[in-house]
Amino acid sequence: MRLLRFKIDLSTIAKKISFNMPQICSISTGKVRVINSDQENPHQEIRSAIHKSPVSTLSAPNPLKAHHLGIDGDEQANLKVHGGIEKAIYAYPLEHYAFWQECLIKEKRLDLGGELQHGSFGENLTTLGFVEAEVYIGDIWQIDKTILQVTQFREPCFKFNINMNYSGAVKTMVQSGYSGWYLKVLEPGIIMAGNQIEIKPGLRKLSVLHQSLNFYQRTGQADLEF
């Protein structure tokens, strides 16, 4: 299958919400739960907190505490690969949602005209105003009194396929470079949907996109076909 690529029309989004870029469009959290049974090991439960639901939106901007291990009310099942100090918060651009909706509709994993709920990619922050090529490792985010720092791209695992109900979801994320990124919390504080994000650039030697591309090239994954 050839991966669909297109440039999202931000004017369509702008008709639905008012924003000063960049900003937080929503905040989502989730609890650890059984998401599926491994078909090869039907008696083994797969537990994850990848399923997130919005708890702070532009229409209901509920304030939430961001602390050193994440956002109040959020959990992670495997702290070796998600969560912890360096991966406390996961951000994903709203700009990629149209791409995924078209992909999932084509693969018959989403009804024609269907829309993905914010948090669908397991992200805590659904953002608007920048994508992976414009976000750099080490950048500081000032959100009111809360201070975050970009740490690394998100490497998807098989649980992402399960969450999306699409066996090609991981490969699609890898090849598109639409990975999103993790943040650590330098200064805990209250955040909510609608907050503007003030960027304080770091060294700007490595963007999230280039970190992702470099990683998969080193591990022989850049030429995946699906």
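Quick note: structure is the one above.
Calculation criteria
Residues numbered from 1 in each chain as written. Predicted model: local features only at pLDDT ≥ 70, side-chain atom pairs only at ≥ 80, totals over all residues. Heavy atoms only, no water. Pairing = 2+ DSSP bridges. Helix = DSSP H or I, 4+ residues; strand = E, 2+ residues; numbered from the N terminus. Axes fitted to C-alpha atoms, helices over the stretch in contact; angles between N-to-C directions. Salt bridge = Lys/Arg side-chain N within 4 Å of Asp/Glu carboxyl O. Buried < 20%, exposed > 50% of the residue type's maximum accessible area, 1.4 Å probe, protein only.

A. Region of the structure containing the sheet that holds strand 4 (residues 53-57). Across the sheet, which stays open at both edges, the eight strands sit in the order 4-1-8-7-11-10-9-13 with mixed pairing between neighbours. If you trace the sheet from one side to the other, it starts and ends with strand 4 and strand 13 (198-200), each paired once. Mean inter-strand twist for the sheet, computed between neighbouring axes without regard to direction, equals 35°. Two elements, strand 10 (residues 146-153) and strand 11 (residues 181-187), share six bridges in a ladder whose sense is antiparallel.

B. Expanded view of the pattern of salt bridges. Taken as a whole and judged by the stated rule, the model has four salt bridges. A salt bridge links lysine 52 to aspartate 74; the shortest N-O distance between them is 2.6 Å. Placement of the pair is lysine 52 in the loop between strand 3 (45-48) and strand 4 and aspartate 74 in the loop between strand 6 (70-71) and strand 7 (89-93), with a sequence separation of 22 residues. Its salt-bridge partner being arginine 204, residue aspartate 139 comes within 2.6 Å of it at the nearest N-O pair. Taken together, the residues span a long stretch of sequence, with aspartate 139 in the loop between strand 8 (125-128) and strand 9 (140-143) and arginine 204 in the loop between strand 13 and helix 5 (208-218) at a distance of 65 residues. The class of aspartate 139 is buried, set by a relative accessible area of 2%.

Take it as geometry only, folks, not as evidence of what the structure does.
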